[in-house]
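# Structural characterization, general
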Amino acid sequence: MDFFRRYKRDKVGIVFGALLVLLYAVALTAHWITPADPMAVNLREVFSPPSSAHWLGTDQFGRDVLSRVILATQVTVRVTSAACLFAVLTGVPIGMFVGYRGGWVEAIAMRLTDMLLIFPIIMLAIVIVVVAGPTETGVVVALGLAQAPTFIRIARGVTLAAKEELYVEAAIAAGSGWPHILVRHIWPNISTPIIVQATLTLPVFVLNASALSYLGLGVQPPTPEWGQMLNEAKDHLITSPYLIVGPAAALVVFVLSANLVGDVVQETLNPKLKKRK
Amino acid sequence: MGAAEPLIEVKDLKVHFHTEDGVARAVDGVDFAIAPERTLGVVGESGCGKSVTARAVMGLIDAPGRIVQGEILLRRQSQVVDISKLDPRGREIRGIRGNEIAMIFQEPMTSLNPVFKIGDQIVEAILLHDRIGRREARERAVDLLAAVGIPLPRQRFEQFPHQLSGGMRQRAMIAMAMSCNPRLLIADEPTTALDVTIQAQVMDLMNALRRDFNTAIMFITHDLGVIAGMADDVVVMYLGRIVESAPVREIFHHPKHPYTRGLMGSIPSLADWGARRLTAIEGVVPSPFAERQGCGFAPRCPHAMEICRTRDPGLEDVAPGHAAACFLHRAAP
Amino acid sequence: MIRLIVGRLLFMVPAALLIITFLFALFHLIPGDPAVMLAGDNAPRSVVDGIREAYGFDQPLHIQYGRYMAKVLQGDLGISNYTRDPVVNSVIPRIINTAQLAFLSMLFAMVVSLLLGCVSAMYWNRPLDKIVTIVSLLGICTPVFVTGLLAIYFFSIYLDWLPISGMSSWRHFILPVITLGAFQAAVLTRMVRSCMVDALGKDYITTARAKGAPELLVVFKHALRNALLPIVTLFGLGLGHTLGGSVVTETIFNWPGLGRLMVNSILTRDLPITQGSIFFFAMIFILVNLIVDLVYAWVDPRIRYD
Ligand SMILES: Nc1ncnc2c1ncn2[C@@H]1O[C@H](COP(=O)(O)OP(=O)(O)O)[C@@H](O)[C@H]1O
Ligand code: SF4
Ligand SMILES: [Mg+2]
């Protein structure tokens with residue numbers, strides 16, 4: 001609770017935190033708040049510019065763009081949350097285990113992790129999509145695995161530090177097994193840095209998920225996704241430039257809010273960082 | 001103090017830091033003067049405002065700090081400049097820094113730029129103020145390195161800071177500071193970060209420089225013992241103020257202020273040098289954020305009286321040339 | 001220093017072998033019959049069987065692996081399902097196009113970020129710094145394809161100044177380079193600024209000021225030269241990310257580079273081309289990383305002179 005009290009002191013944190021909460025609310029309630037059916041094709045009403053009936057206009061199939069942007073918010077939240085969870089669930093256990101185990105297992109694992117970290121996320125994700133397939137699940141797996149090395153590093157770092165603590169050494173000396181030690185003694189130390197890292201990487205997930213769909217390697221039509229909507233809008237840029245407004249604005253606002261909230265969360269938990277800025 | 005016109009005169013200097021947690025009154029009304037070729041020792045526990053005072057004299061106070069009051073008068077042949085009024089990034093103060101007033105710092109390990117050669121850093125200091133050629137500046141730098149007792153100065157010239165020991169680095173810093181023959185050298189705890197044996201060597205070097213260059217020195221330390229063989233006059237600082245000032249013999253033979261006496265009691269002998277803490281005085285330096293009420297030392301003073309908590313003693317003469325800020329030494333409080 | 005170079009070069013060998021192993025694994029990781037994948041979806045049975053035999057997909061795995069490794073090491077990455085050209089022939093010219101785009105974008109990003117980052121740190125917490133901070137924040141929140149679309153709409157369609165796609169003249173370079181470079185510039189400006197703020201807080205900066213050095217010298221010589229150590233690393237990472245971002249940029253501007261080749265090959269299920277582009281991308285990243293390490297060692301006298 002101390003966290004929220006200190007978070008509240010930051011004006012930027014409040015404004016963009018509220019914006020982010022709003023976006024998540026939109027995502028959760030998408031099915032009820034869309035003004036029109038986001039999937040309904042209406043060939044008599046294609047490419048109609050923004051109007052009171054269609055605030056953001058309609059696309060090449062006469063679908064209401066605003067409704068599609070709203071539904072895409074849900075898709076993005078779903079995909080990025082799942083991918084983030086996937087990254088944590090794969091990265092953290094591996095990091096904790098190799099950090100605890102030490103020795104050559106750790107050496108090799110960290111060498112591999114370092115090697116993966118030199119590749120940009122989008123490249124790793126694309127390669128994984130080749131295997132996992134260009135579907136929503138594929139994107140979740142691809143982004144999750146591509147981000148896992150970051151979480152491996154952090155979990156290992158915290159585990160190494162925790163291992164030095166007296167009470168952990170005592171538990172080891174008392175003959176507790178490694179699952180017990182990892183779960184009971186080391187996990188509590190890890191949750192905070194992992195949460196910070198997860199909030200910090202949220203914008204990265206969003207950017208890369210939309211980039212994959214922009215390339216046609218992500219969420220497939222007719223399911224709307226901001227990147228994919230922008231890709232389709234590009235073909236009609238000359239005649240209907242308004243098509244890019246909705247998805248572009250939603251994407252930028254989401255990433256901006258996520259970035260700022262991540263920064264403020266990190267500063268709140270680690271006030272020393274603030275002095276630097 | 002000496003009879004000559006002071007070289008530098010600090011009058012009622014106040015430097016405050018405006019931070020998120022409040023206003024830190026790091027220096028809160030300080031007066032002192034240094035005559036040419038004299039050495040002033042500035043003593044006090046860590047955090048009492050010694051470094052901030054020194055930086056103010058160099059015109060090096062940067063945001064969030066600000067000189068809120070006072071004057072820092074540098075006397076030249078025909079004119080007097082008030083350093084506290086100069087733009088800290090302006091041309092005039094830059095002509096003074098490193099030229100008329102030079103400074104050496106506490107941390108030799110971090111005070112030299114790690115990516116430039118030792119020699120080049122000294123050459124830079126020379127070329128910033130003297131219109132001479134690079135070649136000549138190099139020769140002067142090598143001579144300076146030799147003068148501060150660095151063996152093989154030509155080789156050392158080409159080396160990077162990480163290739164030198166802490167003592168050697170501090171000597172290089174001293175060489176750099178002396179490179180333009182400053183009239184005042186400020187040494188901010190130049191030996192604190194060094195090993196005991198090296199400390200003694202650097203102190204010998206400083207003493208030799210004092211003789212050879214005729215430079216006035218403002219020697220800052222938290223350690224009265226270091227000052228005994230070095231200073232002509234001493235000021236003792238506590239919580240951003242001077243609590244006692246006197247010639248060095250006077251301070252050692254007749255210390256008046258309970259804080260000074262406390263410091264005396266805590267002069268470490270060589271044997272327990274490692275501890276270095278001024279443990280003889282109970283308690284810690286209070287936060288400079290706190291509003292001052294009465295004598296700043298009252299919470300830790302073994303002689304504190306009723307009046308000490310309500311009235312400010314103020315620095316007053318207790319003997320000719322000897323002032324103390326304490327009610328114990330007033331005729332009738 | 002020499003030992004470092006040799007060590008790093010040697011590190012490339014296992015890395016390359018690992019990548020080839022992964023490419024080999026791709027045949028078997030992807031669901032479906034590898035022979036069908038190589039022949040293309042609509043190939044007749046006879047062709048599929050021919051390929052199965054030619055590639056030895058009926059052989060035990062370790063033999064296949066050995067053969068694949070041997071072929072790749074001889075520079076044979078197979079042939080495209082569509083053009084039937086050797087993969088290497090279609091990939092090499094694409095690498096050059098991508099390198100041009102990435103290099104120019106990175107150059108743009110480095111110049112902009114060094115300037116803005118230093119100025120921002122110099123005017124730390126003052127209005128100019130705040131403006132730079134906000135602009136670069138917006139920059140990192142705007143994906144390349146949004147910037148690209150806006151740039152195309154404004155400069156190519158609305159103003160009709162610059163071509164939309166292709167790379168046939170220098171004017172074709174402007175939009176892609178700025179689109180890709182701007183994002184990197186924003187990312188790097190933030191980092192350069194924080195490195196510089198860090199460096200400007202160091203003791204040796206006080207020493208430089210105490211010498212009487214003017215502020216420009218303090219910032220651009222004493223601080224920047226030190227901040228260069230982390231900045232070089234950041235620029236190296238930035239180059240990697242620029243290459244990553246080139247995939248999207250090439251798709252926006254129809255740039256005939258390796259990234260677009262890779263994406264197209266995935267969409268058309270041209271596995272040999274996909275493998276080839278992954279292989280070369282991976283080697284480029286490792287090479288870039290190597291160069292960054294060497295530059296870093298060269299910039300840091302603590303490494304160079306020991
Ligand atoms: N940059 C700064 N920001 C905020 N407060 C500062 C800063 N520099 C110094 N101070 C304050 O000034 C006080 C005196 O510091 P200083 O002069 O360094 O003490 P010392 O006597 O140990 O040299 C410190 O206790 C601190 O509160
Ligand atoms: S004035 Fe009072 S409290 Fe202060 S030093 Fe003297 S006796 Fe102690
Ligand atoms: Mg100090």
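None of the values given here were measured: they were computed from a predicted structure.

Across the boundary between the two partners, chain C contributes 22 residues, which contact 27 residues of chain B. Interface area, chain C with chain B, both sides summed: about 2400 Å², of which 59% is carbon and sulfur. On the surface where chain C and chain B come into contact, there are four salt bridges. For K211(C), the salt bridge goes to E124(B), with nearest N and O atoms at 2.6 Å. Counting across the interface, chain C meets chain B through 13 residue pairs in polar contact (both at pLDDT 80 or more). For the side of chain C that touches chain B, the element with the highest residue contribution is helix α9 (residues 203–211) of chain C, accounting for seven residues. For the side of chain C that touches chain B, the class distribution of residues is eight nonpolar, five polar and nine charged.

Inspection of the secondary structure puts N259(A) in helix α11 (residues 245–269). For N259(A), the contacting residues outside a window of four places in its chain are P203(A), I140(C) and C141(C).

Residue and element names in this part refer to chain B. Domains assigned within chain B are domain 1 (1–100 + 182–278) and domain 2 (114–181). Computed over C-alpha atoms only, the centres of domain 1 and domain 2 are separated by 25 Å. On the side of domain 2, 12 residues touch domain 1, which itself brings 18 residues to the contact. At the boundary of domain 1 with domain 2, total buried surface from both sides reaches about 1300 Å², with 69% on carbon and sulfur atoms. By the criterion of area lost to domain 2, the three top residues of domain 1 are P182, L205 and F213, representing 37% of everything that side buries. Taken together, the connections running from domain 1 to domain 2 amount to zero salt bridges. Connecting domain 1 to domain 2 are three residue pairs in polar contact (both at pLDDT 80 or more).

Reading the values: the criteria
One numbering rule holds for all chains: residues counted from 1, following each sequence as written. In the order they appear in the text, chains get letters beginning with A and ligands get numbers beginning with 1. Local features in a predicted model are, by the rule used here, given only for residues with pLDDT of at least 70; side-chain atom pairs are given and counted only at 80 or more, and totals for whole chains, interfaces and linings are based on all residues. Only heavy atoms go into the side-chain values, all of them from the structure, while hydrogens and water stay out. The contact rule is simple, with two residues in contact once any of their heavy atoms fall within 4.5 Å. Joining two parts hides part of their accessible area as seen by a 1.4 Å probe, and the buried area is that hidden amount summed over both. A pairing counts as a salt bridge when a side-chain nitrogen of Lys or Arg comes within 4 Å of a carboxyl oxygen of Asp or Glu. In protein, a polar contact requires one atom able to donate a hydrogen and another able to accept it; more generally it is a pair of N or O atoms within 3.5 Å, and residues adjacent in sequence count only if both atoms are side-chain atoms. Note on conventions: DSSP H or I runs of at least 4 residues are helices, E runs of at least 2 residues are strands, and numbering of each starts at the N terminus. Classification convention: Asp, Glu, Lys, Arg as charged; Ala, Val, Leu, Ile, Met, Phe, Trp, Tyr, Cys, Pro as nonpolar; all other residues, Gly among them, as polar. The start and end points of each domain follow an automatic or database-based domain assignment.

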